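A look at the structure
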Amino acid sequence: MLLENTPDIVVILVPLIISITAIVISIYTAKKSEDVRLYSSLDNTYTQLMKVGVDHPDFRDPHKTNNYKKSFDGSRLYGYESYAFMSINMVATVYDRYKKIPRTWYNIIKIEGDLHKSWFYDNSQKFRDEFVDFIDQKIINSKKN
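For every chain, the first residue of its written sequence is number 1, and the numbers climb from 1 along that sequence. Under the rules for a predicted model, residues below a pLDDT of 70 receive no local features and side-chain atom pairs below 80 are neither given nor counted, while totals for whole chains, interfaces and linings still include all residues. Just so you know, side-chain values use all the structure's heavy atoms and leave hydrogens and water out.

1. Details of the overall build of the chain
In this text, helices come from DSSP runs of H or I with a minimum length of four residues, and strands from runs of E with a minimum of two, each type numbered from the N-terminal end. A count of helices and strands for the chain gives 8 helices and 0 strands. The linear arrangement of helices and strands in the chain, starting from the amino end, is α-α-α-α-α-α-α-α. The globule rule is 2.2 Å times the number of residues to the power 0.38, and the radius of gyration it is compared with is taken over C-alpha atoms. A globule of 145 residues ought to have a C-alpha radius of gyration of about 15 Å, yet the chain, at 24 Å, is considerably larger. Considering only C-alpha atoms, the chain reaches an extent of 90 × 35 × 25 Å along its principal axes. Whether a residue is buried, partly exposed or exposed follows from its accessible area with a 1.4 Å probe, protein chains only, as a fraction of its type maximum: under 20%, in between, or over 50%, in that order. Looking at the 145 residues of the chain, the share that counts as buried comes to 30%. Per-residue and other accessible areas follow the Shrake-Rupley method at a 1.4 Å probe size, with only the shown protein chains counted as cover for residues. Surface summary for the chain: the accessible area is close to 9,900 Å², and the carbon and sulfur share equals 59%.

2. Considering the environment of S19
Counting through the fold element by element, S19 comes out in helix α2 (residues 8-55). Of the residues examined, S19 reaches a relative accessible area of 39% and is grouped as partly exposed. Measuring from C-alpha to C-alpha, the distance between S19 and N107 comes to 42 Å, with 88 residues separating the pair along the chain.

3. Observations regarding the pattern of salt bridges
A side-chain nitrogen of Lys or Arg and a carboxyl oxygen of Asp or Glu constitute a salt bridge if their distance falls within 4 Å. Scanning the entire structure with this criterion turns up 9 salt bridges. Its salt-bridge partner being R97, residue E34 comes within 3.6 Å of it at the nearest N-O pair. Of the two residues, E34 is situated in helix α2 and R97 in helix α5 (residues 74-97); the sequence distance between them amounts to 63 residues. Shared partners join several salt bridges into a network, and the residues in it are E34, R37 and R97.

4. Some thoughts on the nonpolar core
Definition of nonpolar core: a set of buried residues of the types Ala, Val, Leu, Ile, Met, Phe, Trp, Tyr and Cys, connected through side-chain atoms within 4.5 Å. Of all hydrophobic cores here, the largest spans 31 residues; its most connected members are W105, F120, F131 and I135. When residues of this core are traced back to their parent elements, those giving at least two are α2, α5, α6 (103-115), α7 (117-122) and α8 (129-140). Here this core gets 10 residues from one element, more than from any other, and that element is α5. It only takes one pair of heavy atoms within 4.5 Å for two residues to be counted as in contact. Excluding anything up to four places from it in sequence, F131 contacts I88, V91, A92, Y95 and F120.

5. Section: α5
To estimate how far a helix should reach, multiply one less than its number of residues by 1.5 Å. A rise of 1.5 Å per residue sets the reference length of α5, with its 24 residues, at 34 Å; its end C-alpha atoms lie 35 Å apart and thus fit the reference within 8%. All buried positions along α5 are accounted for by L77, Y80, Y83, A84, S87, I88, M90, V91, A92, V94 and Y95. Considering only its buried residues, α5 is in contact with α2, α3 (62-65), α4 (68-71), α6, α7 and α8.

6. With respect to the environment of S71
Here S71 lies in helix α4. For S71, a relative accessible area of 32% puts it in the partly exposed group. Residues S71 and S19, 52 residues apart in the sequence, show an inter-C-alpha distance of 63 Å. When residues no more than four places from it in sequence are discounted, the contact partners of S71 are H63 and K64.

7. Things to note about a nonpolar patch on the surface
Like charges are joined within 9 Å and nonpolar side chains (Val, Leu, Ile, Met, Phe, Trp, Tyr) within 5 Å, but only among residues with over 30% relative accessible area and no salt bridge; these make up the patches. Where nonpolar side chains cluster on the molecular surface, the patch consists of I9, V10, L13, V14, L16, I17, I18, I20 and V24 and spans about 800 Å² of accessible area. Residue placement: V10 occurs in helix α2. Residue classification places V10 among the partly exposed residues on the basis of a relative accessible area of 36%.

Written out as C-alpha cells, the structure reads:
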C-alpha cells in the first residue's frame, strides 16, 4: 500500500543514495586504514634504523658522517654506507608516499638528510632527480637561506 502511493523516483533514489553513501564511507574507511598501516610501517622501519644507530653510535655522529670516507674504513665503511643508504632510502619512501609530508616526518627527513648529506651527495645517482632536488633544496640547503 505505501509503495503504491510513493512516486517511482523516490523508490529509486532512496536506495541509490543509501548505496552511494555506503560506498563513500567504505572508501573513506579504507583510506584511513591504509594511512594508519603506512604510518605504522614507516615508524617501524625508522625504529629499526634507530636500533642500528644505538648499536653503532658513530653512524649517527655528524662529525664522522660528514667526512665518512676518512672516519670509517674497511668493514666499518661498508657498514656505514649501508646504514646511510637504508636511512636515505626510508626518507625517499616517505617522500614518495606523501603528497604533503607530515611535520613529524619532515623533521626526521631533515635530521637524516643533514646527518648523511656527504654520503647522499656521493650517491645521489641512486635516487630519482626529483627526490635529490627536494633533499638538496628543501632539506640540506634550507639552513643556508
